[in-house]
Amino acid sequence: MNYLQGSRICFHGRFQCDVSTINNFVSYYDNQYFQKLFQEMMTTEETPKGTKIKAINGYWNPDGTGAFRLLGCRISGAMLEGQTLTKASRDPIIGMRVDGSNSRVAAKMVDLDPQQQMVSQIWGLLFRVHNEKGKNILSGDFEPAAFSNLWQKQQQSTHWFDQTLATAYQSVLNNVEWSESFDSPVLTSIRQLSEEGMLSIRMNVFGFDRTPGASDYATGVITGAIGPTSQNSPKFFNLGRHLTPEYADPYGFSPKYKIGPIEAVVEEEAARITVDLGNSLPISGSSGKLSVLSEKPLQFVILKDPDTQAGDTIDDTQIISIGEIPFSGTDWLKTAGIVSFDLDTLMHSWIEQHPVALVKAEPQDQVTVLNRETKDGLFVKADQFVFRMNPGDHTLIDFWTTQYGKPISTSLHLEPTQGILGLTGTGSNIDKTVPPPIVCQPHGVVSYPASVFSAPNGKASVHFSVSPIGPGNPRKYIDGQLYGIAYQFKDGTGGTKSSLQHFISVLVWDDFAIPEKPTWYQDVQPILQQYANLYPIMSHGLFNIADYDKVVQFLKIMELSFSLPLENPNSMPATRDMSANKRAMIVRWLTTKDPETGLPYLGVEPAKKEKKPKPSPNSAQLSSDSTPDSDKYSFARKSLDKL
């Protein structure tokens, strides 16, 4: 069960994503070559073709805090017993405010790694619905989740440095608390349907503006839905019908027919299909206004011929129309792009074994297929697909297999892949001096079976483990190594099409032995220097974490922050890119005192090293030609700087 089943509430507003952009470039992680200019804002120049980057420096937001905030969000609509509600007179929950926590710091937006920036996660978000006086009606902890289905939704830019890509976050709210005194039929229904203490949540984000000086700088539009869930359901995607685009590029960012991924769920007892188009339809600018693809409304249909492909124009006698998409402009924001259709007996008999599709009307009683369900209705998805693992760690990864939305028992094949790992992280002015590291080597660090079989409920829980010795520091100046795991039905059919986005990303930390008596110079300072370089907002706003004299003034704060679980928004480092042993080592250093000084051990200052030659002149080059695949990846590098 998920937010597409039963009752739901919908919300929309804006969000702030105050990421630090220095860490976009993997070469900046090398302390030996780091320069202060990397902490400065990029510079631009006006050309006959428009504004261009003159010098990258620290890119568009070097002083970013990493904060993720909800801004001006409200409950905009609801679904109750198949009826769409958009006014408070129908249910008092409509119009209520939606915010993060009012008693702790903001949540954090976190990349997995500079060489894998396409699975950014939100950590430490407390999601709450409250009235005008601030009294909570509903609250819950957002389980950290990575975005998925990144695609080029925005067709025209509003400002010159708009991020035209859009994406979706799906997860669950844990530790849910309800106001017992608030009378809302919708919330009562959701609570009755859902597992106690849990809810399903979906957030679509788009229209993000990175243009320095713009009034909407570092903010974008957010719309989403909250509904019931259960323990035996996937947390991070919908177990239902999946329409996957044909892509114009190999990375899965630009659909040929301008329609992104679509998810739908058939509710058998209610004889209803609910379709989520919140991250599926193109917009003409950053506000969320839908692009016009046809003079007539788009239709959601069943294809009589399962071999009909996206892009095909067919007679309308070859479809069974389920219904027209009932929104345009920006009115779709009220219901987060979710629409439900009743299924009659004819529709129900066809939909069980035939693909669903989104089509647009053409002259002479014809329609063109813009997006359709996967081949034979087959779909496989790993629920959680982003992992940080220490040497010797092991975990279970849940895979779910379906056919036309129903669980099936079948065989899956797993194998190593580079996917888009290594695609991001290049383009700085020192790429030629400090070439980006090679990913996915050495082999054999992550172990898993080559084939697995899903149970009758469609679920396969697969054991993954990491070598006790780890990868052995193959990337030198950056900790750990990235590995990718591809999965598919054993015969290669179904699932996603022509997209390198859909695989499991694993960051494996290097093995690290914790010294009995760690010292500042030998053990701690080299680690904290990297953070001082890459996240200058801490040094500018609080204290220089690479300065011993400053750090020892804040021992209790440091100890608390490095001891907190990763889910806590105050956890250090905010970027979640430090191994468990290194965090433990820093805590040991903070709490182990030198008897002579009563402070953590300083150690022996190392001899000054000879200065390294300065990097090549700063440049606005966004795709590095220092790596052999730069041309292959240039399209994605220009588009995927960071959402």
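Residues numbered from 1 in each chain as written. Predicted model: local features only at pLDDT ≥ 70, side-chain atom pairs only at ≥ 80, totals over all residues. Heavy atoms only, no water.

## What about a negative patch on the surface?
So, step 1. Taken together, the side chains of Asp-305, Asp-307, Asp-312, Asp-376 and Asp-491 make up a negatively charged region of the molecular surface.
So, step 2. Along the chain, Asp-305 turns up in the loop between β21 (299-303) and β22 (313-315).
So, step 3. Residue class for Asp-305 comes out partly exposed when judged on its relative accessible area of 35%. (Patch = residues over 30% accessible without salt bridge, like charges linked within 9 Å, V, L, I, M, F, W, Y side chains within 5 Å. Areas by Shrake-Rupley, 256 points an atom, 1.4 Å probe, with all protein chains shown as cover. Salt bridge = Lys/Arg side-chain N within 4 Å of Asp/Glu carboxyl O. Lys, Arg positive; Asp, Glu negative; His and termini not counted. Charge placed at Lys NZ, Arg CZ, Asp CG, Glu CD. Helix = DSSP H or I, 4+ residues; strand = E, 2+ residues; numbered from the N terminus. Buried < 20%, exposed > 50% of the residue type's maximum accessible area, 1.4 Å probe, protein only.)

## Digging into the pattern of salt bridges
So, step 1. Summed over the entire model, instances satisfying the criterion amount to 15 salt bridges.
So, step 2. When the shortest N-O distance is used, the salt bridge between Asp-113 and Arg-475 registers 2.8 Å. Taken together, the residues span a long stretch of sequence, with Asp-113 in the loop between β7 (107-110) and β8 (121-123) and Arg-475 in the loop between β34 (459-466) and β35 (481-489) at a distance of 362 residues.
So, step 3. We classify Asp-113 as buried; its relative accessible area is 6%.
So, step 4. Arg-475 gets classed as buried once you look at its relative accessible area, which sits at 2%.
So, step 5. Measuring nitrogen to oxygen at the nearest pair gives 3.9 Å for the salt bridge that ties Arg-191 to Glu-196.

## Here's the deal with the side chain of His-130
So, step 1. In this fold, His-130 is placed in strand β9 (residues 126-130).
So, step 2. Within the structure, the side chain of His-130 is placed 2.7 Å from the side chain of Asp-99, a separation counted as a polar contact.
So, step 3. Once you skip the residues sitting within four places of it in the chain, His-130 turns out to touch Met-96, Arg-97, Asp-99, Lys-135, Asn-136 and Ile-137. (Polar contact = N/O pair within 3.5 Å; in protein donor to acceptor, adjacent residues only side chain to side chain. Contact = heavy atoms within 4.5 Å.)

## Examining the environment of Asp-511
So, step 1. The residue Asp-511 is located in the loop between β36 (504-508) and α3 (520-534) in this model.
So, step 2. Taking C-alpha positions, Asp-511 is 39 Å from Pro-261, a pair spaced 250 residues apart along the chain.
So, step 3. Look past the residues within four positions of Asp-511 in its chain and what remains in contact with it is Pro-391, Pro-468 and Ile-469.

## Focus: unusual backbone geometry
So, step 1. The peptide bond linking Gln-441 to Pro-442 adopts the cis configuration, its omega dihedral lying at 0°.
So, step 2. Secondary-structure assignment places Pro-442 in the loop between β31 (411-417) and β32 (446-447).
So, step 3. Cis peptide bonds are those with omega within 30 degrees of zero, and the linkage from Met-572 to Pro-573 qualifies with -5°.
So, step 4. Within the secondary structure, Pro-573 sits in the loop between α6 (555-563) and α7 (580-591).
So, step 5. Positive phi values are uncommon outside glycine, yet Asn-175 reaches one of about 55°.

## Re the sheet that holds β22
So, step 1. One open sheet accounts for five strands, arranged β22-β26-β25-β21-β23; its pairing is antiparallel. On the outer flanks of this sheet lie β22 and β23 (319-324), each paired with one strand and no other. Along the sheet, successive strands turn relative to each other by an average axial angle of 45°, direction set aside.
So, step 2. In the sheet, strand β25 (residues 356-362) pairs with strand β26 (residues 366-372) via six bridges, with the strands oriented antiparallel. The residue of β26 that forms the bridge with Val-359 is Val-369. (Pairing = 2+ DSSP bridges. Axes fitted to C-alpha atoms, helices over the stretch in contact; angles between N-to-C directions.)

## What to know about the side chain of Arg-210
So, step 1. Looking at where Arg-210 falls in the secondary structure, it is placed in the loop between β16 (208-209) and β17 (219-227).
So, step 2. Only 3.2 Å separates the side chain of Arg-210 from the backbone oxygen of Phe-161, close enough to count as a polar contact.
So, step 3. There is a polar contact of 3.4 Å between the side chain of Arg-210 and the backbone oxygen of Asp-162.

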